[in-house]
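Each chain, written out:
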Amino acid sequence: AAEQKSVHPSARAILKKAEKKQLVLPEIEDSSYDIGYGISVDIDGKTIQIGSSRFMQMKGVEISKEIQNKMDKALATGHSVIMLAINSELEGLLEIHTIVRPEVKKTVRILRQSGIKSMAIVSGDHELPTRALANSLGIDDYFYNVLPEEKANIVEKYQREGRKVAFVGDGVNDAIAMEKSDVSISLSGASSIATDVAQIVLMDGNLTHLTDLLELSRKLEKNLSRSLVLNIIPNVIALNGVLFFHFGMLTTMLVSQSPLVMGTINALLPVDSKPEHSVTDHKA
């Protein structure tokens, strides 16, 4: 019930499980969301707290040795853990098993073949599941237990090293980092703040379009460079023609105005031969 209005992937997993069990969820009376930590909700006169272990510690909820052992066991196998407390008493754990999207491994491989030099996972989750995910995908680096503002710091760190950063995010926690990045990408169905901040939204939620997007941007850059050359060369010819070859006014005008025709033709050339791509550019 506490997670029913959240769009976080873990919340969706919990709600999906509740739906399978055909549970009837009570109405939420009041809620308070601590970004990057967890959520507190008032239901039927009780305060429900659900989130990470650091959220429980922040709220003064005591974690018993038995619960800690269960959490450590889950984390050691690469699973994520969400804690549940009722009226500040820890009542149990929810163990989240990460299922890698089927297209991710292929996407990572193609991006690397396309020249992307470094990829990283930036997560608010514990170290062990984050590391396990990074290793399974062949990701270069990973960051764990990261708060929203710290995600932005990581983006800025890469930028100070002279890198261009593309950040793919889907939640409220990602918004600050997406604002700081050179390119911000989100998915259809993500939180509204993530899709509002994103420069590009993949409308069918398929990450394989990241490779299409990279190829599309390179073709566009090539097209723009060609337009620049088409504008410069005729004007250089016209100037030199006047200075050294005694071009007349008509010839000079025809040569100097030719970029208008060639530029228009170049602009009409298709950048992408696969127009069915479900990609939206918010800030074209």
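Everything here concerns the structure above.
Just so you know, these numbers come straight off a predicted model, no measurement behind them.

A. Quick peek at the overall build of the protein. Regarding its fold elements, the protein presents 10 helices and 11 strands. Taking 284 residues into account, the globule formula puts the C-alpha radius of gyration at 19 Å, and the protein, at 26 Å, lies well above it. The dimensions of the protein, computed from C-alpha atoms along their principal axes, are 90 × 35 × 30 Å. Expressed as a percentage of its 284 residues, the buried residues of the protein come to 37%.

B. Representation of unusual backbone geometry in the model. For Gln22, which is not glycine, the phi dihedral falls at a positive 55°. Examined against the element boundaries, Gln22 turns out to sit in the loop between α1 (9-20) and β1 (30-34). With a relative accessible area of 70%, Gln22 lands in the exposed category. With a phi close to 50°, Asn87 is a non-glycine residue in the positive phi region.

C. Layout of the environment of Pro234. With respect to the helices and strands, Pro234 occurs in helix α9 (residues 209-244). Expressed as a C-alpha distance, the spacing of Pro234 and Val255, which sit 21 residues apart in the sequence, is 5.8 Å.

D. How the structure looks around a positive patch on the surface. Taken together, Lys16, Lys17, Lys20 and Lys21 make up a surface patch of like positive charges. Position of Lys21 relative to the elements: it lies in the loop between α1 and β1. The class of Lys21 is exposed, set by a relative accessible area of 54%.

Rules used throughout
- Residues numbered from 1 in each chain as written.
- Predicted model: local features only at pLDDT ≥ 70, side-chain atom pairs only at ≥ 80, totals over all residues.
- Heavy atoms only, no water.
- Helix = DSSP H or I, 4+ residues; strand = E, 2+ residues; numbered from the N terminus.
- Rg over C-alpha atoms; globule rule 2.2 N^0.38 Å.
- Buried < 20%, exposed > 50% of the residue type's maximum accessible area, 1.4 Å probe, protein only.
- Patch = residues over 30% accessible without salt bridge, like charges linked within 9 Å, V, L, I, M, F, W, Y side chains within 5 Å.
- Areas by Shrake-Rupley, 256 points an atom, 1.4 Å probe, with all protein chains shown as cover.
- Salt bridge = Lys/Arg side-chain N within 4 Å of Asp/Glu carboxyl O.
- Lys, Arg positive; Asp, Glu negative; His and termini not counted.
- Charge placed at Lys NZ, Arg CZ, Asp CG, Glu CD.

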